[in-house]
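Chain and residue survey
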Amino acid sequence: MSHVLPFVFNFPSFSILMTLMGGMVTPFIRNGRVAQKINFGIITVVGVMNAILFGTLIAQGGDGTYTYMMGHFPAPWGNELRAGPLEAFLATCFCLVMALSILGGLKDIYEDVRPKKQYLYFLMMNLLLASLLALIYTNDLFNAYVFIEINTIAACAIVMIKSSGETTVATIRYFIMSCIGSGLFLFATSMLYNITGELLMSSIQEKVIAIYQNGDYAIPLTIIIGMMVCAVAIKSAVWPFHSWLPNAHGSSTSSSSAILSGLVLKGYLILLMKLCYRMYTPQIMSELRINDVIIVFGIAGMIIGSIKALKEHHIKRMIAYSSVAQIGYIFMGIGLGTDIGMMAAFYHMLAHAFTKPMLFLAAGSLVHRAGHKYEIKALKGSARENPLAGIAFTVGSLSMIGIPCFAGFVPKVFFSTAAFQCGDWWRLTIVLIALAVSTVLNALYYLPACVHIWSPKKEEVVHHGHADAHGHDAHGHEEAITEHAPEAMEVHEEHEHPKRPLGISFIASMVIFIASNFALGLAFTPISEILKIGVSLLG
Amino acid sequence: MWDFIMNHYYEIAAVILFGIGFMNLLVQRNLIKKLIGLNIMDTAIYLFLAARGFVFGRIAPVPQDLTNLSAETFINPIPSGLVLTGIVVSVSTTAFGLALALKLYRRYRTLNLDEILVLSKKEREDKKQ
């Protein structure tokens, strides 16, 4: 150690250790609300620390990336973290999204999770954040494996904690698929260690380049990266491996769905991008034809995920299937194999991370208003009673469709730019066709849902009055004629499903989500500049 | 060919075991058998790592005699470390999986995943009506 690193550079390891410590302290508290406050405090501090780190690295300019040796053990023996502006930016955004997702679904958490187990929920949140941060920052392949497993267990636990038969069955399917993914990743890691003798990604890169140019081990290198891509694809639910996702994301409590869709899937994708750039260089990736496989998986996911969502009547499962399609976009961006494609993939990751949690939380709130009915038809008129959630759902839908001014539009432009730049006519054709088809499909299932939630539910009241409630028969008829049907409905159902008022935390979280959606959609120049710098420093 | 097999029988066994475990995890319908498959898969990887990390005639890097130390007498300790870490991870995932299986058994009185899926679907439809 010739020079002392600035204090700010300790922040990545501090934030990982702090979240882990938070997870260790929480079991002794045994009180959900106190645990929530501690968790929120930790997320805030970690977010601020990463924001400061990001500011410092950007202010440095040029080569704003550094390696941090854990415990000062040098390269072949020690464990390393590597941070650049991109990593710090992503970590800050992840902290923000996680805090907002927990705040927005706080009432649902207290309702869905038994009081005795609430503190465990926040324990899992701490561990989840720790593993996500570690996946963002780590430079060590085996360390990545260990944190993948922590992430898996924490993610399964936050699905399972809403105790119902449905969530437990969803968890076991999620768990089995995740275990297959982990097994593949571990086997690939040990094979790669055998060939290269290194576990640090940057050192592996040198060895891989040397081995590749030598011409030995061409088949093992292909198999290893293939297994790793498969492992990441299983865990982030890319098309052929997505079967577990709709159940797990559709049945859990709204905060869990939001975090699983918005963040957990992204952690693995970031790892995959690091594997592409830092371990196997983009050139080797395209020469081994892995990029072609990734792009085909991505495009198939974009189309098939949307078609499945189109068939779905359960609102949360529809949003979950839409996640499969959006992950397909990110995979397509990685598969394009150019810097701008990778940048677009990162942008889409951010856009999705700020949009999907908002959709899940808004849908959760609307569903609550409609008396815990998940069918899209049953949600008719719910947005009129709960306008904030309705607006958030609409903004999220428009963003996912890709309307200009919203977050989801910008990455689509970058994807097409990247397709034009890669200079390969078949890639250009299929990417443009896939973008067009998938945009239309997105619109086909999001717009009807928006129309449903905003349309007044006149017929519903009549039907309801006739069908079950004898005492309210006349009442229902009377109100059906007047214009104020929604309010009448609310009075009518008051004693069946007591309506809780919107909490201040939900309002704050929705407002910030909507604002950041517009920020991502409008201020795309600075953000894409940051991502471009970050991608160029990733390798 | 014969030489290749004789020189690499540990690795070949590891790959075959990995395949057995993988298929068990995928196609078995009994949850406990699935978890056993998971363990076979993980253990196969440890066998692979341990076999690759071992060199005949060398010993584990725990020196008995501190006077004449040389790197040539010891094997590479990193694969062994990886195996240890992997075992810890595998124990915790197995424990989690068993806890899940127990929870499902208490609810549905069966460990067969197909039956559990049918029962939970029925349960959901009952709730709807």
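Residues numbered from 1 in each chain as written. Chains lettered and ligands numbered in written order. Predicted model: local features only at pLDDT ≥ 70, side-chain atom pairs only at ≥ 80, totals over all residues. Heavy atoms only, no water.

Let us look at the nonpolar core. Residue and element names in this part refer to chain A. Within the largest apolar cluster, 223 residues are counted, with the highest numbers of intra-cluster contacts made by Tyr 280, Phe 346 and Phe 393. At 20 residues, the largest contribution of residues to this core is made by helix H15 (residues 339–369). Setting aside residues no more than four positions away along its own chain, Tyr 280 makes contact with Leu 192, Leu 221, Ile 224, Ile 225, Leu 275, Met 285 and Leu 288. (Core = buried A, V, L, I, M, F, W, Y, C linked by side-chain atoms within 4.5 Å. Buried < 20%, exposed > 50% of the residue type's maximum accessible area, 1.4 Å probe, protein only. Helix = DSSP H or I, 4+ residues; strand = E, 2+ residues; numbered from the N terminus. Contact = heavy atoms within 4.5 Å.)

It is worth spelling out the pairing of strand E2 (residues 79–83) of chain A at this point. All names here are of chain A. Judged by how many residues are buried, E2 sits mostly within the fold: four of five residues are covered. Relative to E2, strand E1 (residues 66–70) runs antiparallel, the two sharing five bridges. Among the inter-strand pairings, Met 70 is bridged to a residue of E2, identified as Asn 79. (Pairing = 2+ DSSP bridges.)

What follows covers the environment of Ser382(A). Residues and elements named next belong to chain A. For Ser 382, the position within the fold is in helix H16 (residues 382–385). C-alpha separation for the pair Ser 382 and Ser 365, spaced 17 residues apart in sequence, amounts to 9.3 Å. Those residues in contact with Ser 382 that lie beyond four places of it in its chain are Leu 366 and Ile 453. Looking at Ser 382, its side chain comes within polar contact range of the main-chain oxygen of Leu 379, at 2.6 Å. (Polar contact = N/O pair within 3.5 Å; in protein donor to acceptor, adjacent residues only side chain to side chain.)

Once that is clear, we can look at a nonpolar patch on the surface. Residues and elements named next belong to chain B. On the surface, Met 1, Trp 2, Phe 4, Ile 5, Met 6, Tyr 9 and Tyr 10 cluster together into a nonpolar patch covering about 830 Å² of accessible area. At four residues, the largest contribution of residues to the nonpolar patch is made by helix H1 (residues 2–7). Structurally, the position occupied by Phe 4 is in helix H1. On the basis of relative accessibility, which here comes to 48%, the residue Phe 4 falls in the partly exposed class. (Patch = residues over 30% accessible without salt bridge, like charges linked within 9 Å, V, L, I, M, F, W, Y side chains within 5 Å. Areas by Shrake-Rupley, 256 points an atom, 1.4 Å probe, with all protein chains shown as cover. Salt bridge = Lys/Arg side-chain N within 4 Å of Asp/Glu carboxyl O.)

Residue and element names in this part refer to chain A. Following both chains from N to C, one finds helix H1 (residues 11–25) and helix H2 (residues 32–60) inclined at 175 degrees, their axes separated by 10 Å at the closest point. One element, H1, and the other, H2, form an angle in the roughly antiparallel class. Here Phe 11, Pro 12, Phe 14, Ser 15, Met 18, Thr 19 and Gly 22 of H1 come into contact with H2, specifically with Ile 42, Val 45, Val 46, Met 49, Asn 50, Ile 52 and Leu 53. The class makeup of the residues in the contact of H1 with H2 is ten nonpolar, four polar and no charged. (Axes fitted to C-alpha atoms, helices over the stretch in contact; angles between N-to-C directions. Parallel < 35°, antiparallel > 145°, perpendicular 65-115°, else oblique. Nonpolar A, V, L, I, M, F, W, Y, C, P; charged D, E, K, R; others polar.)

Attention now goes to H1(A). Residue and element names in this part refer to chain A. The end-to-end C-alpha distance of H1, which contains 15 residues, comes to 20 Å, matching closely the 21 Å that a straight helix rising 1.5 Å per residue would cover. Among the residues of H1, those classed as buried are Phe 11, Pro 12, Ser 13, Ser 15, Ile 16, Thr 19, Gly 22 and Gly 23. Where H1 is buried, its residues touch H2, E1, E2, helix H5 (118–137) and helix H6 (141–160). (Expected span 1.5 Å × (residues − 1).)

Quick look at the confidence of the model for chain A now. Residues and elements named next belong to chain A. Per-residue pLDDT for chain A averages 86, and the proportion of residues at 70 or more is 91%. Within chain A, the lowest mean pLDDT, 43, falls on helix H21 (residues 473–481), and the highest, 93, falls on H5. Every residue in residues 464–496 scores below 50 in pLDDT, and together they form 30 contacts with partners more than four places removed in sequence or on other chains. (pLDDT = per-residue confidence, 0-100.)

Bringing the interface of chain B and chain A into the picture now. Contact residues are listed per partner, giving 38 residues for chain B and 32 residues for chain A. A combined buried area of about 3,200 Å² lies between chain B and chain A, and 80% of that area is made up of carbon and sulfur atoms. Among the residues chain B hides against chain A, the three largest losses belong to Phe96(B), Leu100(B) and Lys103(B). Together they make up 18% of the total. In this structure, the connection of chain B to chain A is made through one salt bridge. The interface formed by chain B and chain A holds two residue pairs in polar contact (both at pLDDT 80 or more) in total. Looking at the side of chain B that touches chain A, the elements that each hand over two or more residues are helix H2 (9–27), helix H3 (31–53), helix H4 (77–108) and helix H5 (113–128) of chain B. (Buried area = accessible area lost by both parts, 1.4 Å probe.)

This next bit is on the side chain of Thr110(B). All names here are of chain B. Position of Thr 110 among the secondary structure elements: in the loop between H4 and H5. Side chain to side chain, Thr 110 and Glu 115 meet in a polar contact 3.0 Å long. Setting aside its immediate chain neighbours within four residues, Thr 110 contacts Leu 104, Tyr 105, Glu 115, Ile 116 and Leu 119.

This part covers the packing of aromatic side chains. Throughout the structure, instances matching the rule amount to 19 aromatic pairs over all chains. Centroid distance Phe241(A) to Phe297(A): 6.1 Å. Interplanar angle 85 degrees. Geometry classified as edge-to-face. Taken together, the residues span a long stretch of sequence, with Phe241(A) in the loop between helix H9 (218–235) and helix H10 (245–251) and Phe297(A) in helix H13 (residues 290–311) at a distance of 56 residues. By relative accessible area, which is 18% here, Phe241(A) ends up buried. Among the aromatic residues, ring-to-ring pairing joins Phe187(A), Phe18(B), Phe22(B) and Phe48(B) into one connected group. Positioned over the ring face of Tyr110(A) is Arg33(A), at 3.9 Å from the centre of the ring. (Phe/Tyr/Trp six-rings, centres within 6.5 Å; stacked < 30°, edge-to-face > 60°. Lys NZ or Arg CZ within 6 Å of the ring centre and 35° of its normal.)

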